[in-house]
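# Structural description and commentary
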Amino acid sequence: MIKDKIKNRDIQDIDDDIIEAKRLIRTRLCEDEDVIEVLHNVELQQSEAPPDEYFGNNIFSFVRVPGTRDKVKNFICFSVSDLQDVKYNEVMKIQHVQFVVFCHADDIVTEYGIDRHDLLGYLIRDLFNWSNLLGLQLKLVYNKESVTDTDFYVRTLKFEATKPNSLQRAVMTNGYEFT
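So, here's what we can say about the structure. Bear in mind the structure is a predicted one, so any value in this text is a computation, not a measurement.

A few words now on the sheet that holds strand β1 (residues 59–60). With respect to topology, 5 strands assemble into an open sheet ordered β1-β2-β3-β5-β4, the strand pairing being mixed. Two strands close off the open sheet at either side, each with one partner strand: β1 and β4 (139–147). Looking at chain direction, strand β2 (residues 74–82) and strand β3 (residues 92–104) are connected through 9 bridges and run antiparallel. Considered in β3, the bridge of F75 is made with F102. Contacts between helix α4 (residues 116–128) and the sheet are confined to β2, β3, β4 and β5 (152–164), with β5 contributing the most and set at about 15 degrees to the helix.

Have a look at this one:
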C-alpha cells in the first residue's frame, strides 16, 4: 500500500518536476503492450499480471546494474536529471532522461530477428523521441550499446529537453519558513 502523506506533505501532490517526470515515464512504459511483451518476463506473462507489476520487476525509476540471478530477466532502468541552467539564462534549464536497457545474454535473441536490447531501445525511442510527455519535446542525444562484466548486453539512450526553470517557484515563499 502506498501512503498518501509523510507527516505534513501530500505525496500525491508534490511540486517537483523530476518526480512527476518519473511517474509519467513509468506509466508510459508500463502501459505499452509492446514494451511489456519484449521485456519477456515469462512468469508475469503466464500469470497475466497487470502491467504495473512490471514496475519493480523489470522497470525501475533509477539506474541499477542487475546482479547475478537464477532467473533470466531483462530490465529497463531510467533516471531524470536537471543539468546546470542554460548558460546566462535563468529562465530555462536542461533536463536529461536516461534509459538503460539490460538484456540477459541467454534471452538476447527475439523472434523478430532483432536483438532484445536493440528492440527495446527502438521502442523507447519510438515512445519518447520528439514526444511532449514532459512538457517540451524530448530529443534523443545519445544512443550507445555496451556490455556489463556479467551476462548483460546494454543499450543506453539519453533524451534532452530544454524546459522552464520553475519560475512559478522563484517568486514564492518557502511554506516551511516562518517570518
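The next subject is the pattern of salt bridges. Scanning all chains against the criterion turns up 5 salt bridges. K93 serves as the salt-bridge partner of D82, at 2.9 Å between the closest nitrogen and oxygen. With D82 in strand β2 and K93 in strand β3, this residue pair connects regions lying 11 residues apart in the sequence. Salt bridges sharing partners connect three or more residues here, namely D17, D82 and K93.

To continue, consider the pairing of β2. Counting buried positions along β2 yields 7 of 9 residues, so the element is predominantly enclosed. In this sheet, β2 lies alongside β1 in parallel orientation, the contact comprising 2 bridges. Residue pairing across strands places F60 opposite C77, the latter belonging to β2.

Here we come to a negative patch on the surface. A cluster of acidic residues, E33, D34, E37, E111 and D126, forms a negative patch at the surface. Sort the elements by how many residues they give to the negative patch and helix α2 (residues 33–39) lands first, with 3 residues. Looking at where E37 falls in the secondary structure, it is placed in helix α2. With a relative accessible area of 37%, E37 lands in the partly exposed category.

Bringing the nonpolar core into the picture now. Grouped together as the largest cluster of nonpolar side chains are 31 residues, with contacts concentrated most on I25, L29, I76, F99 and F128. Put simply, the parts of the chain that give this core at least two residues each are α1 (17–31), α2, β2, β3, α4 and β5. The biggest single contributor to this core is α4, with 6 residues. Apart from residues no more than four positions distant in its own chain, F128 is found in contact with I25, R28, L29, F99, L133, L138 and F159. Formed by 7 residues, the second largest nonpolar core is a distinct cluster that contains F75, F102, F152 and V154.

Thresholds, definitions, all that
Residues numbered from 1 in each chain as written. Predicted model: local features only at pLDDT ≥ 70, side-chain atom pairs only at ≥ 80, totals over all residues. Heavy atoms only, no water. Pairing = 2+ DSSP bridges. Helix = DSSP H or I, 4+ residues; strand = E, 2+ residues; numbered from the N terminus. Contact = heavy atoms within 4.5 Å. Axes fitted to C-alpha atoms, helices over the stretch in contact; angles between N-to-C directions. Salt bridge = Lys/Arg side-chain N within 4 Å of Asp/Glu carboxyl O. Buried < 20%, exposed > 50% of the residue type's maximum accessible area, 1.4 Å probe, protein only. Patch = residues over 30% accessible without salt bridge, like charges linked within 9 Å, V, L, I, M, F, W, Y side chains within 5 Å. Areas by Shrake-Rupley, 256 points an atom, 1.4 Å probe, with all protein chains shown as cover. Lys, Arg positive; Asp, Glu negative; His and termini not counted. Charge placed at Lys NZ, Arg CZ, Asp CG, Glu CD. Core = buried A, V, L, I, M, F, W, Y, C linked by side-chain atoms within 4.5 Å.

These results come straight from atomic positions and should not be treated as a statement about function.
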